[in-house]
Amino acid sequence: MSQITSYMFDKRNAHSHSYDMELIDDYLSMSKTATNRNQLIIFHFIGIHADFKLRYPQERKVFHASDYKRADLSSDEKETLADYDNAIYYNDMVVGNIIKTFDNQEAIIIYVPDHGELVYDNCQEMGRNLSLEKKYIVPQFDIPFWIYCTDSYRDNHSDIWLKIERAKDRPFMTDDLPHLLLFLAGITSNGYSPERNIIDDRFDVNRKRYIKGEADYDVICK
């Protein structure tokens, strides 16, 4: 494992944490010895996986079971829903603090989770349900994806900033992310395809987005 890590990363935090905010402290301690001007920094969150009440410090709790006027849910289910929303709230705090960490630098920040969760979304179900119905697909497959550029990045790379603005409504799948990263890093590769780089005007907006290799997401959900 250590050999693989050495191939993948110049620096890597040595310990995991109970809460994702501590990743920022890891970065700050490692960045003191960084020498490369251009860097790719990855914050790999624990995120919002169940058990949700373990994903945020209890002193950060803002939602409670009593906040949910859902006659269809039990008290325990409402508590789970509150824990889920608290985990999301904390996750947003972590992301906000990452932005603040880089806001005075020339930086571009990309945020994307790997999947969503089904947590009583207009239903009484929680967990994974891979039935090919819109009510199940949307909570689990519709995920946030956004690109943030600091002021100095926008000033010094206005051409890329304009490309990002033009791309905001294009349909996307996360398996296209490597093509965007290669382009932003200025890396040339035979594996790069401009048709799969969302901020390239040649991006293929008609590429089918299949779920489980069989169902067309846009037919079902759009």
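Fair warning: this is a prediction, and the values are worked out from it, not measured in the lab.

Chemist: I keep staring at the environment of Asn97 and nothing clicks. Help me out?
Modeler: Relative to the helices and strands, Asn97 is located in helix H3 (residues 75–102). Overall, the relative accessible area of 28% leaves Asn97 in the partly exposed class. If we skip the residues at most four places from it in the chain, Asn97 touches Met21 and Ile24.

Chemist: I'm lost on the pattern of salt bridges in this one. Help?
Modeler: Charged atoms that come close allow side chains of opposite charge to pair. Across all of its chains, the model carries 16 salt bridges by this definition. Residues Asp51 and Lys53 are paired through a salt bridge, measuring 2.7 Å at the closest nitrogen-oxygen approach. Linking Asp218 and Arg209 is a salt bridge whose minimum nitrogen-to-oxygen distance equals 2.6 Å. What makes Asp218 partly exposed here is its relative accessible area of 26%. Each of Asp175, Asp176, Arg196 and Arg207 takes part in one network of salt bridges that share partners.

About the criteria used
- Residues numbered from 1 in each chain as written.
- Predicted model: local features only at pLDDT ≥ 70, side-chain atom pairs only at ≥ 80, totals over all residues.
- Heavy atoms only, no water.
- Helix = DSSP H or I, 4+ residues; strand = E, 2+ residues; numbered from the N terminus.
- Buried < 20%, exposed > 50% of the residue type's maximum accessible area, 1.4 Å probe, protein only.
- Contact = heavy atoms within 4.5 Å.
- Salt bridge = Lys/Arg side-chain N within 4 Å of Asp/Glu carboxyl O.

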